[in-house]
Amino acid sequence: MKLKHTTKSNPSSKLWCIYIYTVLILPTILFVLYCRHHHTMSNHNSNPASQPDLDQPDAPGLKLAQFGAGCFWGVELAFQRVEGVVKTEVGYSQGHIPDPTYKLVCTGTTNHSEVVRIHYDPNLCPYTNLLSLFWSRHDPTTLNRQGGDVGTQYRSGIYYYDGDQEKLARESMEIKQNETKNHKIVTEILPAKKFYRAEEYHQQYLEKGGGRGCKQSANKGCNDPIRCYG
């Protein structure tokens, strides 16, 4: 006959274990987690690429706007033609690497978006005019893609500079979503982050002729089809 072996628990041992965990182990775990969180937040806050775009428009009375809608060459030319748009620049934003280059952005490792930054006169060009062009210029239902251009740099995005722009952007997206019905819009609406101006050869690329030397008009009100080519 086998004897059943029983071990009585020792209350003092349990209390000692609870003491060790509560006084020594748990505070250590919490301290390590705090340090990791603080380190992550410090890196995020000190990263210039994560900071708001604090640049000022070229002249008093102008405002800034920032959009991503695929390859920035054709998007820029479309905005160049808008009455009340005083200046356009192409560049990179919404990434996590300071001072990115086009070659680096194209690797897809920096999370930057190809964007157009616009200096506009709100008396001649309400922000809603820019939004209308933005929605008409690209397909906002294709994630990280516009036609043959594939990658996170080609994602659809509205990057606002103030609360009014954010409000109008979200209202316009709701209207656009009602129009598209069965296709979900994937456009991101986020605060404008640090803008890194692209290399000079990218600026007004199609107006200057692109890779083929065929200049396209940037005149205000021009309705010529935009041909985007390298």
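One can find the structure itself at the top, above this paragraph.
Now for a look at the structure at hand. This one's a predicted model, so the numbers in the text were calculated from it and none came from an experiment.

## Notes on the pattern of salt bridges
Taken as a whole and assessed by the stated rule, the structure comprises 11 salt bridges. Residue Lys-167 is joined to Glu-171 by a salt bridge in which the shortest nitrogen-to-oxygen separation is 2.7 Å. With Lys-167 and Glu-171 both in helix 5 (residues 163–180), this residue pair falls 4 residues apart, about one helical turn. Residue Lys-167 is classed as partly exposed on the basis of its relative accessible area, which comes to 48%. Judged by relative accessible area, Glu-171 falls into the partly exposed class, the value being 35%. A salt bridge links Glu-179 to Lys-176; the nearest nitrogen and oxygen atoms lie 3.9 Å apart. Within this pair, Glu-179 and its partner Lys-176 are both found in helix 5, separated by 3 residues, close to a single helical turn. According to the relative accessible area criterion, Glu-179 is exposed, its value standing at 54%. Among the ionic contacts, a cluster of salt bridges with common partners joins Asp-53, Asp-55, Glu-89, Arg-117, Arg-197 and Glu-200.

## Thoughts on the environment of Arg-170
Position of Arg-170 among the secondary structure elements: in helix 5. On the basis of relative accessible area, Arg-170 is assigned to the partly exposed category, the value being 38%. For the pair Arg-170 and Ile-158, spaced 12 residues apart in the sequence, the C-alpha separation amounts to 9.3 Å.

## Side note on the packing of helix 2 (residues 72–80) against helix 4 (residues 127–137)
One can describe the packing of helix 2 onto helix 4 by two numbers: an axis separation of 11 Å at closest approach and a directional angle of 145°. Relative to helix 4, helix 2 is oriented so that their crossing is right-handed. Between helix 2 and helix 4, the contacting residues are Gly-74, Val-75, Ala-78 and Phe-79 on the first element and Leu-130, Leu-133, Phe-134 and Arg-137 on the second. For the contact of helix 2 with helix 4, the class distribution of residues is 6 nonpolar, 1 polar and 1 charged.

## Digging into helix 2
Side chains of residues three or four places apart in an α-helix project in the same direction, reflecting 3.6 residues per turn. Of all 9 residues in helix 2, 9 are buried; the element is thus mostly enclosed. For helix 2, every residue scored as buried is listed here: Phe-72, Trp-73, Gly-74, Val-75, Glu-76, Leu-77, Ala-78, Phe-79 and Gln-80. Residues of helix 2 that are buried in the fold lie against strand 1 (63–69), strand 2 (85–93), helix 3 (102–105), strand 3 (113–120) and helix 4.

## Remarks on the nonpolar core
Counting residues in hydrophobic clusters, the biggest one holds 36 residues, and the most contacted among them are Phe-67, Phe-79, Ile-118, Tyr-127, Leu-130 and Ile-158. The set of elements that each furnish at least two residues to this core consists of strand 1, helix 2, strand 2, strand 3, helix 4 and strand 6 (156–160). The residues contacting Phe-67, other than those within four sequence positions of it, are Phe-79, Glu-114, Val-115, Val-116, Ile-118, Tyr-127, Leu-130, Leu-131, Phe-134, Gly-157 and Ile-158.

## Considering the sheet that holds strand 7 (residues 188–191)
Across a sheet, strands are paired by hydrogen bonds formed along the backbone, either parallel or antiparallel in direction. Pairing in this open sheet of 6 strands is mixed, and the strands run 7-6-1-3-2-8 from one edge to the other. For this open sheet the edge positions go to strand 7 and strand 8 (196–197), each flanked by a neighbour on one side alone. Direction of pairing for strand 2 relative to strand 8: antiparallel, over a ladder of 2 bridges. Note that in strand 8 the partner of Gly-91 across the bridge is Arg-197. Relative to the sheet, helix 2 contacts strand 1, strand 2 and strand 3, its axis offset from that of strand 2 by approximately 160°. Seen against the sheet, helix 4 touches strand 1, strand 2, strand 3 and strand 6 and runs at an angle of roughly 10° to strand 1.

## Some words on the pairing of strand 2
In the case of a regular strand, side chains alternate between the two sheet surfaces. With 7 of 9 residues buried, strand 2 is to be regarded as a mostly interior element. Where strand 2 lies against strand 3, 8 bridges are found, and the strand directions are antiparallel. Counterpart to Thr-88 in the pairing with strand 3 is Ile-118.

## Looking at unusual backbone geometry
The backbone phi angle of Asn-111 is positive, close to 65°, even though this residue is not glycine. On the basis of relative accessibility, which here comes to 37%, the residue Asn-111 falls in the partly exposed class.

## Side note on the packing of aromatic side chains
Within the structure shown, the criterion is met by 8 aromatic pairs. Between Trp-73 and Tyr-205 the ring centres are 3.9 Å apart and the planes differ by 15°, which places this aromatic pair in the stacked class. Of this pair, Trp-73 sits in helix 2 while Tyr-205 sits in the segment after strand 8, and the two are 132 residues apart along the sequence. Accessibility classification places Trp-73 together with Tyr-205 in one group, the buried group. Consider the rings of Phe-134 and Trp-135, whose centres lie 4.8 Å apart with planes at 70°: the pair is edge-to-face. Each residue in the set Phe-67, Phe-79, Tyr-120, Tyr-127, Phe-134 and Trp-135 is aromatic and connected to the rest through ring pairs, giving one cluster. Above the plane of the ring of Tyr-196 lies Lys-194, whose end atom (NZ or CZ) is 5.8 Å from the centre.

Here is what the cut-offs are and how they apply
- Residues numbered from 1 in each chain as written.
- Predicted model: local features only at pLDDT ≥ 70, side-chain atom pairs only at ≥ 80, totals over all residues.
- Heavy atoms only, no water.
- Salt bridge = Lys/Arg side-chain N within 4 Å of Asp/Glu carboxyl O.
- Helix = DSSP H or I, 4+ residues; strand = E, 2+ residues; numbered from the N terminus.
- Buried < 20%, exposed > 50% of the residue type's maximum accessible area, 1.4 Å probe, protein only.
- Axes fitted to C-alpha atoms, helices over the stretch in contact; angles between N-to-C directions.
- Left-handed = near helix turned anticlockwise from the far one by under 90°.
- Contact = heavy atoms within 4.5 Å.
- Nonpolar A, V, L, I, M, F, W, Y, C, P; charged D, E, K, R; others polar.
- Core = buried A, V, L, I, M, F, W, Y, C linked by side-chain atoms within 4.5 Å.
- Pairing = 2+ DSSP bridges.
- Phe/Tyr/Trp six-rings, centres within 6.5 Å; stacked < 30°, edge-to-face > 60°.
- Lys NZ or Arg CZ within 6 Å of the ring centre and 35° of its normal.

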